[in-house]
Amino acid sequence: MLQLALTHRSFSYEAGGLPTNERMEFLGDAVLGLVVTDELYAKFPDLDESRLSPLRSGVVNMRALAQIARDINLGQYLRIGKGEEATNGRDKNSILADSLEALVGAIYLEHGYTKSAEIILNLLRPAIDSAQNSGAALDGKTALQELAASLGLTSPEYEIGESGPDHDKSFTAIAILSGERFPQGLGKSKREAEQSAAKLACDLLASRNNK
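Residues numbered from 1 in each chain as written. Predicted model: local features only at pLDDT ≥ 70, side-chain atom pairs only at ≥ 80, totals over all residues. Heavy atoms only, no water.

Give a description of the nonpolar core that names residues and reports values.
Counting residues in each nonpolar core, the largest one holds 32 residues, and the members touching the most others are L40, L74, L78, L100, I120 and L124. Mapped by element, the contributors of at least two residues to this core are α3 (22-43), α4 (49-59), α5 (62-71) and α7 (93-133). Of all the elements, α7 adds the most residues to this core, at 12 residues. For L124, the residues in contact, after removing those within four places along its chain, are L32, V36, V59, V60 and I68. Formed by 9 residues, the second largest nonpolar core is a distinct cluster that contains L144, L177, F182 and L205. (Core = buried A, V, L, I, M, F, W, Y, C linked by side-chain atoms within 4.5 Å. Buried < 20%, exposed > 50% of the residue type's maximum accessible area, 1.4 Å probe, protein only. Helix = DSSP H or I, 4+ residues; strand = E, 2+ residues; numbered from the N terminus. Contact = heavy atoms within 4.5 Å.)

Quick one: what's the story with the packing of aromatic side chains, residue by residue and with numbers?
Going through the model one piece at a time under the given rule, you end up with 0 aromatic pairs. A cation sits over an aromatic face here: K141 above Y158, 5.1 Å from the ring centre. (Phe/Tyr/Trp six-rings, centres within 6.5 Å; stacked < 30°, edge-to-face > 60°. Lys NZ or Arg CZ within 6 Å of the ring centre and 35° of its normal.)

Outline the environment of K190, supporting the account with residue identities and numerical values.
If you trace the backbone, K190 turns up in helix α9 (residues 190-209). Through-space distance from the C-alpha of K190 to that of A173 is 7.5 Å; in sequence the pair is 17 residues apart. Sequence-distant contacts of K190, that is, excluding residues within four places in its chain, are made with I160, E162 and F171.

Keep in mind these values describe shape, not function.
What follows is the structure in structure tokens.
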């Protein structure tokens, strides 16, 4: 089961069609979402859905999950194809995040919800605490809109890009204010990518303003 969770489709393709971790990834994504939602619901009883949703997105997104995968050195254990190996696939955000979700799916199948939740929260609790302390409970796009207005900048616009097959798309977003393009945000949906881009722009503008 662990071997399956670590088998990327690129390895499967080159090995003649072995089973991949995509079904486990699908399951693990749902388990992660439920555990984090359950934790945030209990931790922030005064926040409504409009603030809980972006907070969850700040904790469970491609970049955050990929960093957790790096923290536990997951990349070195992945079974990936030669093509991905040659292009540093072991350190790609999308592959790391998907593989972490697949690993969660395997843990859930083997040990059930309670043990899975314990492990997930051990991994994600620093991100949850960081999000709380940095004010990530506020909607990133709303925060950027308000910051831009306070600095006399134009309202943010977002340039969206997408890649990957229909069943496994990744999205990028770039916030543009007063003609300036800010760092690219990533996500598995347009909303998640826009939220990521908004937070990056907010952080950069706030850093400039505090100097």
